[in-house]
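Chain and residue survey
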Amino acid sequence: MIKLSAPKSVKKLIKKYISFPEEPFVNDTARAVFVRKTKEEIKELLATEGYFTPTITLEDHLAGEKPVLKVTRGKRTRVAEVTIEFQGDLATDTSEHQERMEQLRANWPLIPRKFFRSAVWEEAKASLLSSVAESEYAAAQIVSSEAEIDPTAATAKLKIVIDSGPVFYFGDLQISGLKRYDQSLVTSYVPFQKGEVYRRNQILAFQTALQNLPHFSSVSVSIDPDIASHQATPINVNLTEARAQRIGVGAGYSTNTGARGELNYRHANFINFRNQPLNFSSLLRYEQKRQFFLARLETVPDKNQYLFSLGAKVERTDIEDLKTFSQRVSFNRERATETIQSQYGLTWQREERSPVGAPDTVSEALVLDSWWRYRNVDNPLFARRGHISEIRFGGGTQYVLSKRDFVRMYARHQHWWPIGERDVLYLRAEVGYTIASSRLGIPQEYLFRAGGINSVRGHNFLSLGVTEGDAVVGGRTLGTGTLEYVHWFTENWGGAVFTDVGDATDSWKSFNPSVAYGSGIRWRSPAGPLALDLARRHDTGTLHVHFSIAAAF
């Protein structure tokens, strides 16, 4: 058994990679073999961190005490000089090339006076080569690299030579793996023209666009950096088609709408229109307070991520003594990128409304609608940093298939701030207003109610609104907000404290925000986020439990 004595900066590293015997040595030969082998291993290990002159000794102590392997790390090596040279087309004497070479040298991380580490040296070389090869020079390679170490002076002189090779230009597509679809499905996403200078980011953008299509289960886009074909290098597109039809089921529970089950069906090649597949999707969801069926036919997104969709939906709800039965048809132009979603379209909706204790009514509206959403979060499912902003604007007129003139405006913002290593501070705010002479004749979708999860906890789902008979119906104004702090005890379990405030009414004069506060449990479950909250209404002291979880199968 041996005890290790070393500075903290290297002790953890040694223990991670070097194994020490737990039993006494059998004899002096075994001891000598271990010491010699371990000294060499530690020297090699410390050299990767820039320590080239360590002192390693095994010191014996009194009987019954463990021998001590003492490590003195020595002086750490610093970079003294860096030389970066280029060959090939990049080295030709033009102002553009000179500027690019200077920029590459300026981005080199191991500058003089920095500590030398083998891992950083290797990463720096790989990064430099990648920076040269990402644009124009697909066949760039390292001709030579050398780290000249002076252990006595504890200095390192670094030299690397890169040959850029010739400029590469895009050639023809070579597509393999297509069976059901026409090649135009692939070629319509090409972000470059034949004969343009090679850019790696365009290859990656092309691959990502194809991967986002439901028609393919795997996509690989690459080139063969063969200097012989640099004037027109072929682009290899290897595809594996996904199953055209998919069926999914899911289940969940929320105190907003109760238990639910759902069945969805998707066909990625439902109709072939001008050699382009049209996608069909449908969803049947049954919840205790809401049931709906929707169907949608959509085009494949173009290279700019725009698509057109035609959809229909039938929905029945029974919430806060208000029963509704609605039918809608919509035509939209949509776009979805990594951070922005937008939708512009025309929707016709007919709604039968039956409030308990008040007359039944029928509303109709043809609405020109727009919706825009910006998302910049670190994790879409379990956000800890970032924000999401959403704006919706639309309206209809009684002169075109609507029972009343109205304009609806809505905005929401959510923000997450990381606190410490695990905790999160969350802020949510939303405001809405429908300009109209009366709410009568306007479908509920274009009015406002509040209460429940993701709104004002401490109240039933959509229980804040305008009283009509014994029912709660939508009003023309909305304002709610949430401030929540989540402390994560472990990676997956946390606790939250929160305050919610808000109201939905028929005018700003009658707006009277309700306040609720409470605490809850958070769980990052395999099926998705789980939230269990106990909220207290400030005005009445009433306690409310809010819970939600969902799972897909």
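None of these values were measured; they are calculated from a predicted model. Sequence order as written defines the numbering, with residues in each chain counted from 1. Where totals are concerned, whole chains, interfaces and linings use all residues; where local detail is concerned, this predicted model gives features only for residues with pLDDT of at least 70, and gives and counts side-chain atom pairs only at 80 or more. In computing side-chain values, all of the structure's heavy atoms are included and hydrogens and water are not.

A word on the pattern of salt bridges
The salt bridge definition used is simple: a Lys or Arg side-chain nitrogen within 4 Å of an Asp or Glu carboxyl oxygen. Under the defined criterion, the tally for this structure stands at 33 salt bridges. In this structure, Arg117 engages Glu49 in a salt bridge whose closest nitrogen and oxygen atoms are separated by 2.9 Å. With a gap of 68 residues between them, Arg117 in the loop between helix H3 (95-106) and helix H4 (118-133) and Glu49 in the loop between helix H2 (28-47) and strand S2 (55-59) connect regions that are remote in the sequence. For Arg117, a relative accessible area of 27% corresponds to the partly exposed category. Among the ionic pairs, Lys194 bridges to Asp172, the shortest N-O distance being 2.9 Å. Of this pair, Lys194 sits in the loop between helix H5 (184-187) and helix H6 (200-211) while Asp172 sits in strand S7 (residues 170-176), and the two are 22 residues apart along the sequence. Strands here mean DSSP runs of E at least two residues long; helices mean DSSP runs of H or I at least four residues long; both are numbered from the N terminus. For the exposure calls, accessible area comes from a 1.4 Å probe over protein chains only, and a residue counts as buried if that area is under 20% of its type's maximum, exposed if over 50%, partly exposed in between.

Let's talk about the environment of Ser176
Along the chain, Ser176 falls in strand S7. Distance from Ser176 to Asn236, taken between C-alpha atoms, is 8.0 Å for residues 60 residues apart in sequence. Residues are treated as being in contact if the distance between any of their heavy atoms lies within 4.5 Å. Setting aside chain neighbours within four positions, we find Ser176 in contact with Val237, Asn238 and Leu239.

Let's talk about the sheet that holds strand S4 (residues 78-87)
Read from one edge of the open sheet, 3 strands run S4-S6-S5, paired in mixed fashion. The open sheet has two edge strands, S4 and strand S5 (141-150), and neither has a second partner. Each neighbouring strand pair of the sheet contributes to a mean axis angle of 10°, computed without reference to strand direction. Here the rule is simple: two strands pair whenever DSSP picks up at least two bridges between them. With 9 bridges connecting them, S5 and strand S6 (residues 155-163) associate as antiparallel partners. Opposite Gln141, over in S6, you have Asp163 as the bridge partner. The axes are straight lines fitted to the C-alpha atoms, using for helices just the contacting stretch, and the angles between their N-to-C directions are given from 0 to 180°.

Things to note about unusual backbone geometry
Look at Arg113: it is not a glycine, yet its phi comes out positive at around 85°. In this structure, Arg113 sits in the loop between H3 and H4. Here the phi dihedral of Asn454 falls at roughly 65°; this positive angle occurs in a residue that is not glycine. Inspection of the secondary structure assignment puts Asn454 in the loop between strand S20 (423-435) and strand S21 (466-468).

A few points about the side chain of Ser342
Within the secondary structure, Ser342 is located in strand S16 (residues 340-355). Sequence-distant contacts of Ser342, that is, excluding residues within four places in its chain, are made with Arg333, Glu334, Arg335, Trp371 and Trp372.

Topic: H4
Expected span of a helix, by definition, is 1.5 Å for each gap between consecutive residues, and there is one gap fewer than residues. For H4, which comprises 16 residues, the first-to-last C-alpha distance of 23 Å matches the rise-based estimate of 22 Å (1.5 Å per residue) to within 8%. Within H4, burial applies to Trp121, Ala124, Lys125, Leu128, Val132 and Ala133. End-on view of H4: buried residues confined to an arc of 165°, all on one side of the axis. Of the surrounding elements, those touching the buried residues of H4 are S4, H3, S5, S6 and H6. Along the arc lie the directions from the helix axis toward the C-beta atoms.

Considering the packing of aromatic side chains
Aromatic rings considered in pairs are described by the distance between their centres and by the relative angle of their planes. Working definition: a ring pair exists when centres of Phe, Tyr or Trp rings (six-membered ring for Trp) sit within 6.5 Å. Plane angles under 30 degrees give stacked, over 60 give edge-to-face, the rest tilted. Summed over the entire model, instances satisfying the criterion amount to 17 aromatic pairs. Geometrically, the ring pair formed by Phe192 and Phe206 is edge-to-face, given 6.1 Å between the ring centres and 90° between the ring planes. Note that Phe192 is positioned in the loop between H5 and H6 and Phe206 in helix H6, a separation of 14 residues in sequence. A relative accessible area of 7% means that Phe192 is categorised as buried.

Remarks on a negative patch on the surface
A surface patch of like charges, here negative, comprises Glu81, Glu146, Glu148 and Asp150. With 3 residues, S5 is the single largest residue contributor to the negative patch. Along the polypeptide, Glu148 turns up in strand S5. Look at Glu148 and you get partly exposed, because its relative accessible area is 47%. Patch building starts from residues that exceed 30% relative accessible area and form no salt bridge, then joins like charges within 9 Å and nonpolar side chains (Val, Leu, Ile, Met, Phe, Trp, Tyr) within 5 Å. Only the protein chains shown count as cover for residues, and all accessible areas are computed by the Shrake-Rupley method using a 1.4 Å probe. Counted as positive: Lys and Arg. Counted as negative: Asp and Glu, with His and the chain ends omitted from the count. Each charge is placed at NZ for Lys, CZ for Arg, CG for Asp and CD for Glu.

Quick word on the layout of surface pockets
Empty space within the second largest pocket amounts to approximately 610 Å³. Lining the second largest pocket we find 26 residues, and of these Asn212, Pro301, Gln305, Arg335 and Ala336 sit closest to its centre. Contributions of two or more residues to the lining of the second largest pocket are made by H6, strand S13 (290-298), strand S15 (322-336) and S16. It is H6 that contributes the most residues to the lining of the second largest pocket, 5 residues altogether. Gly is put with the polar residues, along with every residue not named as nonpolar or charged; the nonpolar set is Ala, Val, Leu, Ile, Met, Phe, Trp, Tyr, Cys and Pro, and the charged set is Asp, Glu, Lys and Arg. A breakdown of the residues in the lining of the second largest pocket according to their chemical character gives 13 nonpolar, 7 polar and 6 charged. Residues are said to line a cavity or pocket when one of their atoms sits within 4 Å of a point; the points come from a 1 Å grid over protein atoms alone, cavities being sets where a 1.4 Å probe fits but cannot get out and pockets being open sets with protein on both sides within 12 Å along at least five of seven lines. Grid points are joined across faces, edges and corners, and a volume is the space filled by probe spheres set on the points.

Some thoughts on the environment of Arg285
For Arg285, the location among the structural elements is in strand S12 (residues 276-287). By relative accessible area, Arg285 is classed as buried at 17%. Residue contacts for Arg285: discarding those within four places in its chain leaves Arg260, Gly261, Glu262, Arg290, Gln291 and Phe292.

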